[in-house]
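Secondary and tertiary structure notes
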Amino acid sequence: MLYTHLGSSNLQVSRFCLGTMMFGGKTDEAESTRIIRAAIDAGVNFVDTADIYCDTRTETILGNALAGEGVRDKVVLASKTGMKVGPGQNDLGISRFHYVRAVEASLKRLKTDRIDVYYIHWPHPKMNLDEMMRALDDLVRSGKILYPACSNFPAWLAMRTQWIADQRNYAPLVCGQYPYNLIERGLEIELLPMAKAMNFGITIYRPLAIGILTGRYLDNKPAGSRGEDDARIDKWMNQYSAAVREFVNHARVLDLSPAALANRWVASHPSVSSVVVGISRLSQLADNLRGFDQLLTEEQRSAVTTIFPTDIKEEAGGNFPSWRRRYDIL
Ligand SMILES: NC(=O)c1ccc[n+]([C@@H]2O[C@H](COP(=O)([O-])OP(=O)(O)OC[C@H]3O[C@@H](n4cnc5c(N)ncnc54)[C@H](OP(=O)(O)O)[C@@H]3O)[C@@H](O)[C@H]2O)c1
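A brief structural summary.

This next bit is on the packing of helix α2 (residues 57-66) against helix α3 (residues 96-110). Two numbers describe how α2 lies on α3: the axes approach to 7 Å, and their chain directions differ by 45°. The angle between the axes of α2 and α3 places the two elements in the oblique class. Residues Glu59, Thr60, Leu62 and Gly63 of α2 pack against Ser106, Arg109 and Leu110 of α3. Counted by class, the contact of α2 with α3 contains two nonpolar, three polar and two charged residues.

What follows is the structure, encoded as structure tokens:
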């Protein structure tokens, strides 16, 4: 397992970060616990969750799995808040009111006294960045969170937030979490160059394009897979199936699984600190872990990039592109 500093911090994280979004949904608690233990045994020390996942069940499962003697301190535990987690007007967002209650609730579910990396999950309209960063700074000073972070922030917003933290001596954002893979490459336009220049940590979600880059959708949709109910998979397979087929063959020539090569391609971008890989079954773990034994050289990476149409600049198949186009964030 390769490790690196998270952004400009002194914190060492594994380049494989365990994504837990399926735990408590299609992945039951017993299988989730097996995946968490096996990942830690393989050297993974970075685990990603959010209060919103599976109606908060994911955090509870994670808390149970990490509660064993000595396990909690083996991992850098990341969670997120901001999406609606209750019926109240303030059960979402970036207010001091929401943060204090959201952190307390996550700490209870996670059965721990601190969250190591705490992400602002999404931007919101009319953000008061000073209130947001001051509230997170207070949580840092009280020891309940260690490093604030953002997710899905346009580049300008991440840097504006850092500027406020810098001016007012608040704990800065340690990293941002974004979608990036061989099909969704919009981050290359602005975010990844910004991150390199500013030494801003980047963690990546959706490195396998929800499973497409494993090659599993080339011939059919396996029963029980996310392809059955995620429309992005049909859309991308219609556009890129020839490239995916060539990519799978390229991985075979390199004696790697397609999942390992897709992850290694993401991890080898010079701006990327760690890759959040979604695992639904224990049998998927080993395949993905091999992506993090070593990095690709620039030449090897560009040989993979050019398998896909080089003009691909899909920003993402989710909500991130629309946030980049909004005028009401501040
Ligand atoms: N910050 C954010 O806004 C945000 C948004 C989304 C996700 N995330 C985080 O990022 C993590 C990863 O995101 P993601 O799950 O959407 O993306 P992903 O890693 O691109 O896709 C994971 C899916 O790929 C399939 N898969 C994985 N390994 C496989 C293998 N070896 N063979 C065949 N199929 C395999 C599984 O699908 P099946 O279930 O179909 O088997 C798995 O659920 C999440 O768990 C979450 O922690 C963050």
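With that settled, the discussion passes to helix α6 (residues 191-198). All of the buried residues in α6 are Leu191, Leu192 and Ala195. Here the buried residues of α6 occupy an arc of 95° about the axis, which is enough to place them on one side. Buried positions along α6 lie against α5 (155-168), β8 (175-179) and β9 (201-205). A positive backbone phi angle near 55° is found at asparagine 199, which sits one or two residues after α6.

Surrounding the ligand, one finds 28 residues, the nearest of these being Gly19, Met21, Tyr205, Gly211 and Gly278. Elements with a minimum of two residues in the shell around the ligand: β10 (274-278) and α9 (285-289). By residue number, the principal contributor to the shell around the ligand is β10, which donates three residues. Among the residues forming the shell around the ligand, the class breakdown is 11 nonpolar, 12 polar and five charged.

Here we come to the sheet that holds β10. If you trace the eight strands once around the closed barrel, you get β3-β4-β5-β6-β7-β8-β9-β10, paired in parallel fashion. Adjacent strand axes in the sheet meet at a mean angle of 30° when their direction is disregarded. Pairing of β8 with β9 involves five bridges; the strand directions are parallel. Across the sheet, cysteine 175 pairs through a bridge with glycine 201, a residue of β9. Where helix α4 (residues 129-141) meets the sheet, its contacts fall on β6 (115-120) and β7 (145-151), and the angle it forms with β7 comes to roughly 150°.

Right, let's talk about the nonpolar core for a bit. With 96 residues, the main nonpolar core has Ala149, Ile204, Ile212, Leu213 and Val275 as its most contacted residues. Of all the elements, helix α8 (residues 258-267) adds the most residues to this core, at seven residues.

Another aspect to go through is the pairing of β9. Burial analysis of β9 places five of its five residues in the buried class, the great majority of the element. Burial along β9 is two-sided: the residues Gly201, Thr203 and Tyr205 and Ile202 and Ile204 are all buried. Where β9 and β10 come together, three bridges link them in parallel fashion. Bridge assignment links tyrosine 205 to a residue of β10, and that residue is valine 276.

Of all six residues in β6, six are buried; the element is thus mostly enclosed. Judged from the four bridges that link them, strand β5 (residues 76-81) and β6 form a sheet pairing that is parallel. Paired with threonine 81 across the bridge in β6 is isoleucine 120. For the handedness criterion, the β-α-β arrangement of β5, α3 and β6 is classed as right-handed. Summarising the sheet, β6 and β7 pair through five bridges and their orientation is parallel. Across the sheet, the residue bridging to tyrosine 118 is proline 148, located in β7. The handedness of the β6 to β7 crossover, carried by α4, is right-handed.

Here we take up helix α1 (residues 29-41). Here α1 is 13 residues long and its end C-alpha atoms lie 18 Å apart, about the 18 Å a rise of 1.5 Å per residue gives. Of all the positions in α1, only Ser32, Ile35, Ile36 and Ala39 are classed as buried. Down the axis of α1, the buried set is contained in an arc of 95°. They therefore lie on one face. Opposite the buried face of α1, by more than 90 degrees, sit the exposed residues Ala30 and Asp41. Buried residues along α1 sit against β3 (16-19), α2 and α9. Directly after α1, the chain includes glycine 43, whose backbone phi takes a positive value near 105°.

Cut-offs applied
One numbering rule holds for all chains: residues counted from 1, following each sequence as written. This being a predicted model, a pLDDT of at least 70 is required before a residue's local features are given, and a value of 80 or more before pairs of side-chain atoms are given or counted; all residues contribute to the totals for chains, interfaces and linings. Think of each axis as a best-fit line through the C-alpha atoms, taken over the contacting stretch in the case of a helix, with angles from 0 to 180 degrees between the N-to-C directions. Helix numbering and strand numbering both begin at the N terminus, where a helix is a DSSP run of H or I of at least 4 residues and a strand a DSSP run of E of at least 2. Angles are sorted into four bins: roughly parallel if under 35 degrees, roughly antiparallel if over 145, roughly perpendicular if 65 to 115, and oblique for all others. By the convention adopted here, residues are in contact when the distance between their C-beta atoms, placed from the backbone, does not exceed 7 Å. Basically, the charged four are Asp, Glu, Lys and Arg, the nonpolar ten are Ala, Val, Leu, Ile, Met, Phe, Trp, Tyr, Cys and Pro, and anything else, Gly included, counts as polar. Here the C-beta atoms are placed from the backbone, and a residue counts as buried if at least 20 other C-beta atoms lie within 10 Å of its own, exposed if 12 or fewer do, and partly exposed otherwise. This arc describes the spread of directions from the helix axis toward the C-beta atoms. What makes a residue near a molecule or strand is its C-beta atom, placed from the backbone, lying within 6 Å of it. A pair of strands is labelled paired if DSSP reports no fewer than 2 bridges between them. Buried Ala, Val, Leu, Ile, Met, Phe, Trp, Tyr and Cys residues whose C-beta atoms connect them within 7 Å together make up a nonpolar core. If you view a crossover with the strands going away from you and the path from the first strand over the helix to the second runs clockwise, you call it right-handed. Between the first and last residue of a helix there are one fewer steps than residues, each counted as 1.5 Å, and that sum is the expected span.

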